[in-house]
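For reference, the chains in residue letters:
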There are 2 protein chains.
Amino acid sequence: MDDLDKYIEKRKSKSPKFAQNYEKGYEQFKIGALLKEARLEAGLTQEQVANKLKTGKSAISRIENHAEDIRLSTLVNYAQALGKSLKLEVA
Amino acid sequence: MDDLDKYIEKRKSKSPKFAQNYEKGYEQFKIGALLKEARLEAGLTQEQVANKLKTGKSAISRIENHAEDIRLSTLVNYAQALGKSLKLEVA
DNA sequence: GATAAAGTATACATATATGTGAACAGTGTC
DNA sequence: GACACTGTTCACATATATGTATACTTTATC
């Protein structure tokens, strides 16, 4: 089980709503976890990312923890702030 | 040159703004084209997709032609309406 | 246990995506 | 040309993501 899986398990145990939606297949809930994982790999704090995106750290926290939904541009910007890019596919 | 490329070229020639943003690398502009391509492959009209998503056909047209930005949930729903799924990656 | 750094939670304001309906345009068929 | 079908554009209303500031929590270090 990798770090992302561990994180998901932790979120599930702490939040019934998260667990319920996650099991339903709403993997959008994974997005926040993905971004957080990518941020930590880049060795950045939420505040550092916030500064790059010219916003506050609370906004970053919200994205990582409560991103039931998110704008595509926000995803793209977040990825860019980490020096990465967002790949999309309809398959 | 595949159909999507042809479509992009057509949009570029008709809309300077589209061309400009596209060349800048704002590939979000590709999203609408991607969705349209997927819809046509599935053999569905905009109205059919609109019905599945319980919305109007004008909303579908707008997404395909003027989706400078779009919500992740909208992308996911659209893909589902076509019997497909959305793949995301931060790389 | 005091302090600082990092992250979370909340509330309100603002920006913007989407819903909705109507009018109009393009395309093909008769 | 009339008709039906498909897609586009517009305006307005509504829903919701994000900006912003503040307070609180957690964790680590001393």
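This is a predicted model, so every value here is computed, not measured.

Enquirer: Help me understand the UniProt feature "domain: HTH cro/C1-type" (unreviewed entry) in chain A in this model?
Expert: UniProt's entry tags residues 35-90 of chain A with the feature "domain: HTH cro/C1-type" (unreviewed entry), counted in the numbering of this structure. End C-alpha atoms of residues 35-90 of chain A are separated by 20 Å, and the span's content is 61% helix alongside 9% strand.

Enquirer: Honestly, the protein's contact with DNA strand D in this entry has me stumped. Any pointers?
Expert: Taken together, 20 residues surround DNA strand D, and among them A:S58, A:R71, A:T74, B:Q46 and B:S58 come closest. Protein-adjacent atoms of DNA strand D, using a 4 Å cutoff, are sugar or phosphate at a proportion of 54%. Within the side chain of A:S58, one N or O atom sits 2.7 Å away from a base nitrogen of DNA strand D. A distance of 3.1 Å is found between a phosphate oxygen of DNA strand D and a side-chain nitrogen or oxygen belonging to B:R39. Going through the elements one at a time, α5 (57-66) of chain A together with α3 (28-41) and α5 (57-66) of chain B are the ones with two or more residues in the surface near DNA strand D. When residues of the surface near DNA strand D are assigned to their parent elements, the largest contribution, six residues, is made by α5(B).

Enquirer: When you look at the relation of the copies chain A and chain B in this model, what are you seeing that I'm missing?
Expert: Turning one copy of the chain about an axis and sliding it along that axis gives the other copy, so a rotation and a shift relate them. With an axial shift of 0.0 Å and an RMSD of 0.0 Å, the rotation relating chain A to chain B amounts to 180°. Classification of the inter-copy transformation places it as that of a two-fold axis. For chain A, the residue whose C-alpha comes nearest the rotation axis is A:R71, separated from it by 2.2 Å. Mapped onto chain B, 100% of the interface residues of chain A again fall at the interface, so both copies present the same surface.

Enquirer: Got a minute to help me understand α5(B) in this structure?
Expert: Residue and element names in this part refer to chain B. Considered for burial, the residues of α5 that qualify are A59, I60, I63 and E64. Buried residues of α5, viewed axially, fall in a sector of 130°; they line one side. In α5, the exposed residues that point more than 90 degrees away from the buried face are K57, S58, R62 and H66.

Enquirer: For this particular structure, what's the right way to read the environment of B:S85?
Expert: Residue position: B:S85 is located in the loop between α6 (72-81) and β1 (86-90). Not counting residues up to four positions away in its chain, the partners in contact with B:S85 are A:E89, A:V90, A:A91 and B:A79. Within the local environment of B:S85, its side chain forms a polar contact with the side chain of B:K87, the two groups lying 3.5 Å apart.

Enquirer: Explain the environment of A:A79 here, please?
Expert: Counting through the fold element by element, A:A79 comes out in helix α6 (residues 72-81). For the pair A:A79 and A:L35, spaced 44 residues apart in sequence, the C-alpha to C-alpha distance is 7.7 Å. In this view, A:A79 contacts A:K84, A:S85, A:L86 and B:V90; residues no more than four positions away in its chain are not counted.

Enquirer: Explain the protein's contact with DNA strand C here, please?
Expert: Inspection of the region around DNA strand C gives 20 residues, with A:Q46, A:S58, B:S58, B:R62 and B:T74 positioned closest. Protein-proximal atoms of DNA strand C, defined as those within 4 Å of the protein, fall in sugar or phosphate at a share of 54%. Measuring from a phosphate oxygen of DNA strand C, one finds a side-chain N or O atom of A:R39 at 3.0 Å. Taking B:S58, its side chain carries an N or O atom lying 2.7 Å from a base oxygen of DNA strand C. Those elements that place two or more of their residues in the surface near DNA strand C are α3 (28-41) and α5 of chain A together with α5 of chain B. Among the elements that take part in the surface near DNA strand C, α5(A) stands out by supplying six residues, more than any other. Its residues placed into classes, the surface near DNA strand C shows two nonpolar, nine polar and nine charged.

Enquirer: Whenever I open this one, the interface of chain A and chain B confuses me. Can you help?
Expert: Interface extent is often summarised as the accessible area lost during association of the parts. With 20 residues of chain A at the interface, the matching set in chain B holds 20 residues. Together chain A and chain B conceal approximately 1,900 Å² of surface at their shared face, both sides included; 68% is due to carbon and sulfur atoms. The tally of links from chain A across to chain B stands at zero salt bridges. Linking chain A with chain B are 10 residue pairs in polar contact (both at pLDDT 80 or more), by the criterion used here. Elements with a contribution of two residues or more to the side of chain A that touches chain B: α3, α6 and β1 (86-90) of chain A.

How each quantity is defined
Residues numbered from 1 in each chain as written. Chains lettered and ligands numbered in written order. Predicted model: local features only at pLDDT ≥ 70, side-chain atom pairs only at ≥ 80, totals over all residues. Heavy atoms only, no water. UniProt positions renumbered as here; feature names shortened; annotations may be inferred. Helix = DSSP H or I, 4+ residues; strand = E, 2+ residues; numbered from the N terminus. Near = heavy atom within 4 Å. Polar contact = N/O pair within 3.5 Å; in protein donor to acceptor, adjacent residues only side chain to side chain. Least-squares fit on C-alpha atoms with pLDDT ≥ 70 in both. Contact = heavy atoms within 4.5 Å. Buried < 20%, exposed > 50% of the residue type's maximum accessible area, 1.4 Å probe, protein only. Arc of directions from axis to C-beta. Nonpolar A, V, L, I, M, F, W, Y, C, P; charged D, E, K, R; others polar. Buried area = accessible area lost by both parts, 1.4 Å probe. Salt bridge = Lys/Arg side-chain N within 4 Å of Asp/Glu carboxyl O.

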